[in-house]
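# Fold and contact review
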Amino acid sequence: MIDEINLVIITLSSMAPGFEARYAAPLAISLGMKLEHAILLTFPTSLVPALILLMLSDKLMELLKILSSKRYLCNIALPIYNSVIRARETVKQRFETAGYIGLALFVAIPLPLTGVWTASIGASLLGLNKYKSFIAISIGNLIAIAITTGLLSIIIPFSKSIP
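Residues numbered from 1 in each chain as written. Predicted model: local features only at pLDDT ≥ 70, side-chain atom pairs only at ≥ 80, totals over all residues. Heavy atoms only, no water.

### Section: the nonpolar core
- Y100, L103 and I137 are the most contacted members of the largest nonpolar core, which totals 18 residues.
- A total of four residues in this core trace back to one element, the largest contributor, which is helix α7 (residues 97–108).
- Leaving out residues up to four positions away in the same chain, L103 has contacts with F95, A119, S133, A136 and I137.
- By size, the runner-up hydrophobic cluster in this structure holds six residues, among which are I2, I10, A28 and L41. (Core = buried A, V, L, I, M, F, W, Y, C linked by side-chain atoms within 4.5 Å. Buried < 20%, exposed > 50% of the residue type's maximum accessible area, 1.4 Å probe, protein only. Helix = DSSP H or I, 4+ residues; strand = E, 2+ residues; numbered from the N terminus. Contact = heavy atoms within 4.5 Å.)

### A few points about the environment of D3
- Summarising the element assignment, D3 is placed in the segment before α1 (4–15).
- For D3 and L31, which are 28 residues apart along the polypeptide, the C-alpha to C-alpha distance reads 9.6 Å.
- Among the polar contacts made by the side chain of D3, one reaches the side chain of N6 at a distance of 3.1 Å. (Polar contact = N/O pair within 3.5 Å; in protein donor to acceptor, adjacent residues only side chain to side chain.)

### Considering helix α3 (residues 35–46)
- For α3, with twelve residues, the first-to-last C-alpha span of 16 Å sits near the 16 Å given by 1.5 Å per residue.
- Turning to α3, its buried residues number three or more, namely A38, L41, T42, F43, T45 and S46. (Expected span 1.5 Å × (residues − 1).)

### Some thoughts on the packing of aromatic side chains
- Per the stated rule, a full pass over the model turns up one aromatic pair.
- Centroid distance F19 to Y23: 5.9 Å. Interplanar angle 55°. Geometry classified as tilted.
- Using a relative accessible area of 32% as the deciding quantity, one classes F19 as partly exposed. (Phe/Tyr/Trp six-rings, centres within 6.5 Å; stacked < 30°, edge-to-face > 60°.)

Next up, the structure:
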């Protein structure tokens, strides 16, 4: 049985940028949680930031547009805003079904800066379909959890055999 403090740590770590469920699930297992419980806890909680970022993407673009019109911020915000608009136009034309598969694979790779947060911010900035992006990010997240927990199941028995 896992105590409440560890439960809070696991939940918060599954939502933390860079850590997310792909590392929170193995953490939960190493703290004594069953595999299915670890996945049921960390998978949905790790998607909360993705949902928020995707839903706020239009507001973030509006804020960037407003900041780019401010005299004291235009030298910083205007080039960023223009770059995002150009990238949106370029990517939207090329980003259909294969692009969402690529987004899922991007999230699935358990390396720094390839997780739920980065993919959500990228999908938001590029103006991709929110629903399709969320599905792709969710699938990639589940694959990343499978990879890291699978590696954990190989490493733990091996480490116990070392004297």
